[in-house]
Amino acid sequence: MDLSSIANNINYRYQGSSRLQIGGAVSGLDTQSIIEKLLEVESMPLQRLNEKYLQYTYLQKAYQKVSDKIRDFYTYLSDFSLQATLIPKSATVSSSILSAVAAPTAQDGTYNIEVLSLATNSIFLGENFGKTITLASTVGDVDARYTPQDSTVKIKIGTAETTINVSTTDTINDVVTNLQSALTSLGASATVTFTDGKLKITSDKAFQISNTSGNFTFVFRLNDAVMTQQSGTFTLESSGNVGAYSTYKTLSNLGISGDRTLTINGTNITLKDTDTISNIVQKINNAVSSVSATYDDKNGRLVITSKTTGDNVIDVTGDSDLLTTLKLDTGTFTLGSVAQVNVTLNGYTEQLTSRTNSLTYNGLTLNLTATGTTTVTVSTDKDKIVERVKEFVNKWNELTDFLYTKLTENKVRGKSEDQMTEDEKIQGLLKGDSFLRRIFDRFRSFLTTNIDGKTLNALGIESGDTGKGFTNTMRGKITLDEDKLKSFINANGAEAVWQFFGNTEGTKGLALQIKDYSWTLTKFNGEIDTVAGLSGRLEREKRILSKRMATMLEYLQKKEQQLWAKYSTLESALAKLQAQGGFMAQAFAQKK
């Protein structure tokens, strides 16, 4: 007989007879069937215990469904009972210089806002510490980013093109002259200049410049420059100062040898002569939490900004030769400003100051984006209050319908357990359950709770009938009269709805009371856990049953072995008797 399914329920390792059993070879008896019938009779108490064990398991699952449903309601109430939920405020801004968010405590009305200044970051701006390139410099001097090469440069206008040769010994002035002559030869009215480290070409015709050989366009930063057109003039200018060092240049390349110390806002940063400009920026950012450093490779300078807006000081000191090389000793510091706003409500003006561009005035949060004037209109969304109370009514009915259904539903009939889903197996197990009835009645009792002299009825929420014989009252179902709720809000103010449901001072609001009770039911070691949890009553009963079932399984295993042993002995004795009979019959036959 296979009892493995019962054994699996209690995690018992059950092993029936592992030997190949062939019964009735001599006797002709169906030994297998006989033993199974005998074990079936012996296992009837075990079957009853297993049914009880499964019933407790399904009962635990049924209670867990209840707990999950109540926990969902608890989660909903956590949000519903908030002041921001029950007193929804809207803030409408008349212009784009700011955005506004109104908290429940914000006063309704029109606020006149004048943004006088925005909060900005403090900035320490180093000077250009790259190479100074002038018209008298040679092309070979422009080695801040690339090593210049002798180049052949192609200039094209339409289908016409020409080339110029640029030698590393040419001066920048030579380059300017040759470029302008080449463009003129192609029929363009062009001007070529070199100012503040940038090569600039203007022409009345669109043109193209490319390298036939060498790296001229890279050295003079024309490879990534963008041509622009304005009023019939085409302009191409170096994307940055051609003397600005690339981020791969090391302090050693800049003439610094050995370790040096840079101090920013009291934090010492050790720099090695092998550190690149990129490494320097990274070390500053890793070491100093209050600032952010970048390298402006267009202009060849370090830029250090405060991470927060407001009047933050950026103090830069260190070894003098390092500061001089990086041109931080002559850098300029600009202190960040604070945000200033005038707020006028009901004729009274108050000036607000903040280190950030987010300010709060009596529950109204202003997020500033520009200076100027605007108005912010704050109002309470009464329709949204009605919608949220309506949602509460629906959630309540959903919970009480579920609990009432569990208390009254019948078990599934006409199906074997193998044909049932898990929900069908637990259906009807809680019908008339006294523990669930107590939970349901406690929830239903909240419908008559008095909060500071008011009940749900005052807000237009009622069961619709009275007396225990009526359906809505029996099921704990409620309905909402929206017009009556709106009248309540108009008469008492929007805050009265929150005072009834979510007030945390004095007498707790109704939603908070229900939430607290839901928590006592569903928390770890809560009321439902003490019945259906891992340490609850049902689990203790299951442990007692599993011990008894394990003992009975062990007994049945031994019984099965004993029965097979007995029938094996019978077969052996019959085999010997049959052999003796055959011998005697043969002996008598020979004697004749």
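Shown above is the structure to which this text applies.
Model, not experiment: these values are computed from the prediction.

As a further point, take the pairing of strand β4 (residues 121-125). Only one face of β4 is covered, namely the one carrying S122 and F124; the face carrying N121, I123 and L125 has none of its residues buried. Across four bridges, the pairing between β4 and strand β15 (residues 301-309) is antiparallel. Bridge pairing in β15 places N121 opposite T309. For β4 and strand β17 (residues 332-334), the ladder comprises three bridges, and the chain directions are antiparallel. Looking across to β17, one finds that F124 is bridged to F333.

Attention now moves to the sheet that holds β4. On the basis of which strands lie adjacent, the open sheet formed by four strands has the order β14-β15-β4-β17 and antiparallel pairing. Where the open sheet ends on each side, the last strands, each with one partner, are β14 (291-296) and β17. Between one strand axis and the next, the sheet turns through 15 degrees on average, direction left out of account.

Counting residues in hydrophobic clusters, the biggest one holds 61 residues, and the most contacted among them are Y63, F392, F443, F501 and I514. Looking at this core, the elements with two or more residues in it are α3 (44-80), α9 (382-408), α11 (434-445), α13 (482-492), α14 (495-501), α15 (510-522), α16 (527-532) and α17 (537-591). At 14 residues, the largest contribution of residues to this core is made by α3. Among residues more than four places away in sequence, those in contact with F392 are F73, Y76, L77, F80, F501 and I514. Ranked by size, the runner-up nonpolar core spans 31 residues in total, among them I172, L179, A182 and A188.

In this section: the side chain of K406. Relative to the elements of secondary structure, K406 occurs in helix α9. Contact partners of K406, with chain neighbours within four places excluded, come to L430, K431 and L436.

Let us look at the sheet that holds strand β5 (residues 151-157). Read from one edge to the other, the open sheet built from three strands follows the order β6-β5-β9, with strand pairing classed as antiparallel. Each edge of the open sheet is held by one strand with a lone partner, namely β6 (160-166) and β9 (208-213). Strand-to-strand, the axes of this sheet are offset by a mean angle of 25 degrees, without reference to chain direction. Where β5 lies against β9, five bridges are found, and the strand directions are antiparallel. Residue pairing across strands places V153 opposite N211, the latter belonging to β9.

This part is about helix α7 (residues 277-287). Residues lying three or four places apart along an α-helix face the same way, a consequence of the helix completing one turn every 3.6 residues. Residues of α7 that are buried: I277, I280, V281 and I284. Seen along its axis, α7 keeps its buried residues to an arc of 95 degrees; they face one direction. Buried residues along α7 sit in contact with β12 (260-264), β13 (267-271), β14 and β15.

For S117, the location among the structural elements is in strand β3 (residues 109-117). A distance of 3.0 Å separates a polar side-chain atom of S117 from the backbone oxygen of V338. Those residues in contact with S117 that lie beyond four places of it in its chain are V338, A339, Q340, L368 and T371.

This part covers unusual backbone geometry. The phi dihedral of D196 falls on the positive side, at around 55 degrees, and the residue is not glycine. Among the secondary structure elements, D196 is positioned in the loop between β7 (190-195) and β8 (198-203). Taking the relative accessible area as the measure of exposure, D196 reaches 67% and is therefore exposed.

What follows deals with the packing of α11 against α15. Helix-helix packing: each pair is described by the crossing angle between the helix axes and the interaxial distance. Relative to each other, α11 and α15 sit at 165 degrees, their axes nearing to 11 Å. By the angle between their directions, the pair α11 and α15 is classed as roughly antiparallel. Crossing of α11 over α15 shows right-handed handedness. Note on element contacts: α15 touches α11 through I514, Y517, S518 and L521, opposite R438, I439, R442 and F443. Along the lines of polarity and charge, the residues of the contact of α11 with α15 split into five nonpolar, one polar and two charged.

Turning to the environment of Y56, a few remarks are in order. Along the polypeptide, Y56 turns up in helix α3. Taking the C-alpha atoms as reference, Y56 lies 6.9 Å from K542; in sequence the two are 486 residues apart. Contacts of Y56, omitting those with residues within four sequence positions, involve L538, E541, K542 and L545.

A few words now on the packing of α9 against α13. One way to put it is that α9 packs onto α13 with a least axis distance of 10 Å and a crossing angle of 130 degrees. Between α9 and α13, the interaxial angle falls into the category oblique. Crossing of α9 over α13 shows right-handed handedness. Judged by residue contacts, K382, D383, I385, V386, V389 and K390 of α9 engage E482, L485, K486, I489 and N490 from α13. Here the residues of the contact of α9 with α13 are counted per class, giving five nonpolar, one polar and five charged.

Under the 1.5 Å per step criterion, the end-to-end length of α15 is 18 Å for 13 residues, consistent within 8% with the ideal 18 Å. Among the residues of α15, those classed as buried are L510, A511, L512, I514, K515, Y517, S518, L521 and T522.

Scanning the entire structure with this criterion turns up 20 aromatic pairs. Grouping aromatic residues by their ring pairs yields a cluster made of F73, Y76, F80, F392, W396, F443, F446, F500, F501 and Y517. We note K395 situated over the ring of Y76; from NZ or CZ to the ring centre the distance is 5.7 Å.

It is worth spelling out the environment of I461 at this point. Here I461 lies in strand β23 (residues 461-462). A relative accessible area of 3% places I461 in the buried class. With 23 residues separating them along the chain, I461 and K484 place their C-alpha atoms 8.7 Å apart. Residues within four places of I461 in sequence aside, it is in contact with V389, V393, L456, I478, T479, L480 and F501.

What follows concerns a positive patch on the surface. A contiguous patch of positive charge on the surface is contributed by R537, R540, R543 and K547. Considering the arrangement of structural elements, one finds R537 in helix α17.

The rules behind the values
Residues numbered from 1 in each chain as written. Predicted model: local features only at pLDDT ≥ 70, side-chain atom pairs only at ≥ 80, totals over all residues. Heavy atoms only, no water. Buried < 20%, exposed > 50% of the residue type's maximum accessible area, 1.4 Å probe, protein only. Helix = DSSP H or I, 4+ residues; strand = E, 2+ residues; numbered from the N terminus. Pairing = 2+ DSSP bridges. Axes fitted to C-alpha atoms, helices over the stretch in contact; angles between N-to-C directions. Core = buried A, V, L, I, M, F, W, Y, C linked by side-chain atoms within 4.5 Å. Contact = heavy atoms within 4.5 Å. Arc of directions from axis to C-beta. Polar contact = N/O pair within 3.5 Å; in protein donor to acceptor, adjacent residues only side chain to side chain. Parallel < 35°, antiparallel > 145°, perpendicular 65-115°, else oblique. Left-handed = near helix turned anticlockwise from the far one by under 90°. Nonpolar A, V, L, I, M, F, W, Y, C, P; charged D, E, K, R; others polar. Expected span 1.5 Å × (residues − 1). Phe/Tyr/Trp six-rings, centres within 6.5 Å; stacked < 30°, edge-to-face > 60°. Lys NZ or Arg CZ within 6 Å of the ring centre and 35° of its normal. Patch = residues over 30% accessible without salt bridge, like charges linked within 9 Å, V, L, I, M, F, W, Y side chains within 5 Å. Areas by Shrake-Rupley, 256 points an atom, 1.4 Å probe, with all protein chains shown as cover. Salt bridge = Lys/Arg side-chain N within 4 Å of Asp/Glu carboxyl O. Lys, Arg positive; Asp, Glu negative; His and termini not counted. Charge placed at Lys NZ, Arg CZ, Asp CG, Glu CD.

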